[in-house]
Amino acid sequence: MSSKPHRLAGPGLLRVQIDRERCQGHARCVAVASELFRLDAFGNAHEIGDGTVPAGLEVKVRLAAADCPELAIAIIEKQGA
Amino acid sequence: MPTRPPVTDWGSDFDHLDPAWTDNPYPIWDELQQKCPIAHTDRYMGVYFVSRYEDVRAVALDAEHFSSRAIAIREGRPPVVPAPPITSGPPAHSAQKKLLLPAFTPDAIRRYEPQTRAICRELLEPIAGRSSCDGAVDYAQEIPVRVIAAMLGVSPQSGDLFRRWVHEFLELGVTDRNAMERAVAEMRAFFAAEIAERRKTPREDLISFLAEARIDGRKLDDEHITGTLRLLLLAGVDTTWSMIGSCLWHLANHPDDRKRLVAEPALIPTAVEEFLRAYAPATVGREIVKETQINGRQLKEGEMVMLSFPAANRDPAAFPDASRVVIDRSPNRHAAFGLGIHRCLGSHLARMEITVALQEWLAKIPDFAMAPDAKVTWSAGQLRGPRILPLVLGGSMGQQS
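The sections below set out a description of the structure shown in this document.

Analysis parameters
- Per chain, residue numbering runs from 1 following the sequence as it is written.
- Ligands are numbered from 1 and chains lettered from A, in the order in which they are written.
- Residues qualify for local features only when their pLDDT is at least 70, as the model is predicted, and side-chain atom pairs are given and counted only at 80 or more; totals for whole chains, interfaces and linings, by contrast, use all residues.
- Water and hydrogen atoms were dropped before computing side-chain values, which therefore reflect all heavy atoms in the structure.
- Only DSSP runs of H or I reaching four residues or more are called helices, and only runs of E reaching two or more are called strands; each is numbered from the N terminus.
- Each residue is assigned to one of three classes by its accessible area relative to the maximum for its type, calculated with a 1.4 Å probe on protein chains only: buried under 20%, partly exposed between the two thresholds, exposed over 50%.
- Residue contacts are counted whenever heavy atoms from the two residues lie within 4.5 Å of one another.
- Here, Shrake-Rupley sampling with a 1.4 Å probe gives the accessible areas, and only protein chains in the shown set may cover a residue.
- Pairing between two strands requires that DSSP report at least two bridges joining them.
- Only the stretch in contact is used when fitting a helix axis, every axis being a line fitted to C-alpha atoms; angles between N-to-C directions are given from 0 to 180 degrees.
- We define a nonpolar core as any set of buried Ala, Val, Leu, Ile, Met, Phe, Trp, Tyr and Cys residues linked to one another through side-chain atoms lying within 4.5 Å.
- Think of a salt bridge as a Lys or Arg side-chain nitrogen and an Asp or Glu carboxyl oxygen that are within 4 Å of each other.
- In protein, a polar contact means a hydrogen-donor-capable atom and an acceptor-capable atom, both N or O and within 3.5 Å, with residues adjacent in sequence counting only if both atoms are side-chain atoms; elsewhere, any N or O pair within 3.5 Å suffices.
- Residues are grouped as follows: Ala, Val, Leu, Ile, Met, Phe, Trp, Tyr, Cys and Pro are nonpolar; Asp, Glu, Lys and Arg are charged; all remaining types, including Gly, are polar.
- Paired rings are identified among Phe, Tyr and Trp, the last through its six-membered ring, by centres lying within 6.5 Å, and are further divided according to the angle between planes into stacked (under 30 degrees), edge-to-face (over 60) and tilted (the rest).
- A ring is scored as having a charge over it whenever the NZ atom of a lysine or the CZ atom of an arginine sits within 6 Å of its centre and within 35 degrees of its normal.

**Some points on the overall build of chain A**
Counting its regular elements, chain A contains 2 helices and 4 strands. From first element to last, N terminus to C terminus, chain A shows the α and β order β-α-β-β-α-β. Within the span of chain A, comprising 81 residues, buried residues form 42% of the whole. For chain A, restricting intrachain contacts to residue pairs at least 6 apart in sequence, the fraction spanning at least 24 positions comes to 66%. Of the roughly 4,300 Å² of accessible surface on chain A, a fraction of 54% belongs to carbon and sulfur atoms.

Dropping the structure here:
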């Protein structure tokens, strides 16, 4: 359920999205990948920008998703390109 | 504590106050996970013990069938004393927790780090020169009470009083209703005086904040404020005290892990997550308010459920090599701080305190081990941590390292 092998995607091919209903503010994602997530005033997490994962952060985003106790992080593989 | 009837079978007659459970619960939980993932006991007027990660998660996320109004397993089910937001459910819970969340974000907690570091250094000063100490009494138990006292704005000299309340409410109180009620009454009187003082002269602390706080434009009544303060005090003290003690206990027993953390202090935060997984201190109760099924077992309305986050964290279905402590484990989706809406409010405070406590200890006392023939005493009940932890320090450990 966590660290299954993934094919390496090219830059901008991954997008990350936080399920606001599920997020409870454990903040593991920010601890692992502060480039991709930020916390609001209540400590709940949000993706930075539109959630596009910059090149080089593919492994980190997978780790953040695997660390989330609430299973609130979805990684979407963009079509095309 | 009076002698309790011995447990005949862990699956159908468990008792979380049994000395075997208190001494070393892990073999019991392993067996239950494999053979009886939802155990039951007629003791305490009926309690289920849920040990698998997926089942614990299912119960934690289901507020419809499982209520948080009672979270402690107690003999005879004394009337519940509300401690919002932990004893609240939807819809009231959300606003009550939202009120407190900004004070407990990682950024807000960072403000207390220098003070926590100073507390640790002050405690270590007299210990470091000695050949032995009690890691629980001399160090672990002193850190959380002083930090929470600073946050609440009450006297740091109140540590003994706070620990007595913790002991009476959470340990003695399981079987002794008078002890529990005495602690509640004393806490209520203590906080009533503090609140009255803040109303006259507000300060920069959590009591002042709560005294002025509003939900839907209305000030909180005193019962709500004292309930929340009782929660912050009880939950802020024994849990972190237990975790710091368990970390020291682990490192005293595993010299390779100890040496690695001394050599690689940057690994400490990752190791803390693994210690939280392996030695999660808190098992939380729920009251079954509507009959339902979990993992094929019918759960009866009116009985209690113990959500064992500590056992779930050792479920081999959720964690590879679950029974082994791997200090660089990653990923680590542990549930030490709970799952769902009741995620521990103080989780970032706890992480900071445990991390700072270990950083400072290892910098000052890199060499330590269990004292020969050490008798470690563990707390009994829903909170697990060492209360007596005899260690030998530095050069005195001889060939033990």
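**Quick look at the sheet that holds strand β7 (residues 284–288) of chain B**
Residues and elements named next belong to chain B. In space, the 5 strands of this open sheet follow the order β1-β2-β10-β7-β3, with mixed pairing throughout. The open sheet has two free edges, formed respectively by β1 (38–41) and β3 (66–67), since each of these has just one partner strand. Both β7 and strand β10 (residues 304–307) contribute to a ladder of 4 bridges, which runs antiparallel. Considered in β10, the bridge of G285 is made with M306. Across the sheet, helix α4 (residues 53–60) touches β1, β2 (47–50), β3, β7 and β10, and the angle it forms with β10 is around 125°.

**Some remarks on the nonpolar core**
Within soluble globular proteins, side chains that are nonpolar generally end up buried alongside one another. Residue and element names in this part refer to chain B. The biggest cluster of nonpolar side chains holds 107 residues, and the ones touching the most others in it are Y139, L152, F275, W361 and F368. Per element, the largest residue contribution to this core is 13 residues, and it comes from helix α13 (residues 222–253). With residues up to four places along the chain from it excluded, the contact list for Y139 reads C120, L123, L124, I127, D134, I244, L248, A357, E360 and W361. Counting 21 residues, the second largest nonpolar core, distinct from the first, contains V50, L299, F309 and A322.

**Let's talk about helix α2 (residues 58–67) of chain A**
Residue and element names in this part refer to chain A. Most of α2 sits out of view: 7 of its 10 residues are buried. Of the positions making up α2, those classed as buried are E58, V61, R62, A64, A65, A66 and D67. Contacts made by the buried residues of α2 are with β1 (14–18), α1 (28–32), β2 (37–39) and β4 (73–77).

**Topic: the interface of chain A and chain B**
Contacts between chain A and chain B engage 22 residues on the former and 22 residues on the latter. Where chain A touches chain B, the interface holds 1 salt bridge. A salt bridge links B:E273 to A:R28; the nearest nitrogen and oxygen atoms lie 3.5 Å apart. There are 9 residue pairs in polar contact (both at pLDDT 80 or more) connecting chain A and chain B. No other element matches the 4 residues that α2(A) contributes to the side of chain A that touches chain B. For the side of chain A that touches chain B, the class distribution of residues is 11 nonpolar, 6 polar and 5 charged.

**Re the pattern of salt bridges**
Residue and element names in this part refer to chain B. Following the criterion strictly, the structure yields 38 salt bridges over all chains and no others. Here D13 and R43 are joined by a salt bridge, their closest N and O atoms 2.9 Å apart. With D13 in helix α1 (residues 10–13) and R43 in the loop between β1 and β2, the pair connects residues that are 30 residues apart, well separated along the chain. For the residue pair D13 and R43, the accessibility class agrees, reading buried in each case. Put simply, E274 and R277 hold a salt bridge, and the shortest N to O gap is 2.8 Å. One end of the pair, E274, and the other, R277, are both in helix α15 (residues 268–278), 3 residues apart, so they sit about a helical turn from each other. This pair shows no difference in class: E274 is buried, exactly as R277 is. Linked by salt bridges that have partners in common, R4, D13, D15, R43 and E75 make up one network.

**Describing the packing of aromatic side chains**
Residues and elements named next belong to chain B. Inspection of every chain in the model, using the stated rule, returns 17 aromatic pairs over all chains. Aromatic pair Y139 and W361: ring centres 5.0 Å apart, planes at 55°, arrangement tilted. Taken as a pair, Y139 in helix α8 (residues 135–140) and W361 in helix α17 (residues 347–364) lie far apart in primary sequence, 222 residues in all. Assessed through its relative accessible area of 0%, Y139 is described here as buried. An aromatic cluster is defined as three or more aromatic residues linked by ring pairs; in this entry it consists of W10, F14, W21, Y26, W29 and F49. Directly above the aromatic system of F319 lies the positively charged group of R277, at a separation of 5.4 Å from the ring centroid. Directly above the aromatic system of W378 lies the positively charged group of R384, at a separation of 4.0 Å from the ring centroid.

**Concerning the environment of A:R20**
Residue and element names in this part refer to chain A. The residue R20 is located in the loop between β1 and α1 in this model. Along the chain, R20 and A45 lie 25 residues apart, while their C-alpha atoms are 8.1 Å from each other. Ignoring anything within four residues of it in the chain, the contact list for R20 reads A45, H46 and E47. Among the polar contacts made by the side chain of R20, one reaches the side chain of E47 at a distance of 2.9 Å.

**So, the sheet that holds strand β4 (residues 132–134) of chain B**
Residues and elements named next belong to chain B. If you trace the 3 strands from one edge of the open sheet to the other, you get β4-β14-β11, paired in antiparallel fashion. The open sheet terminates on both sides in strands that have one partner only, identified here as β4 and β11 (368–370). Adjacent strand axes in the sheet meet at a mean angle of 30° when their direction is disregarded. Two elements, β4 and strand β14 (residues 390–393), share 3 bridges in a ladder whose sense is antiparallel. Across the sheet, residue C133 finds its bridge partner in β14, namely L391. Relative to the sheet, α13 contacts β11 and β14, its axis offset from that of β11 by approximately 95°.

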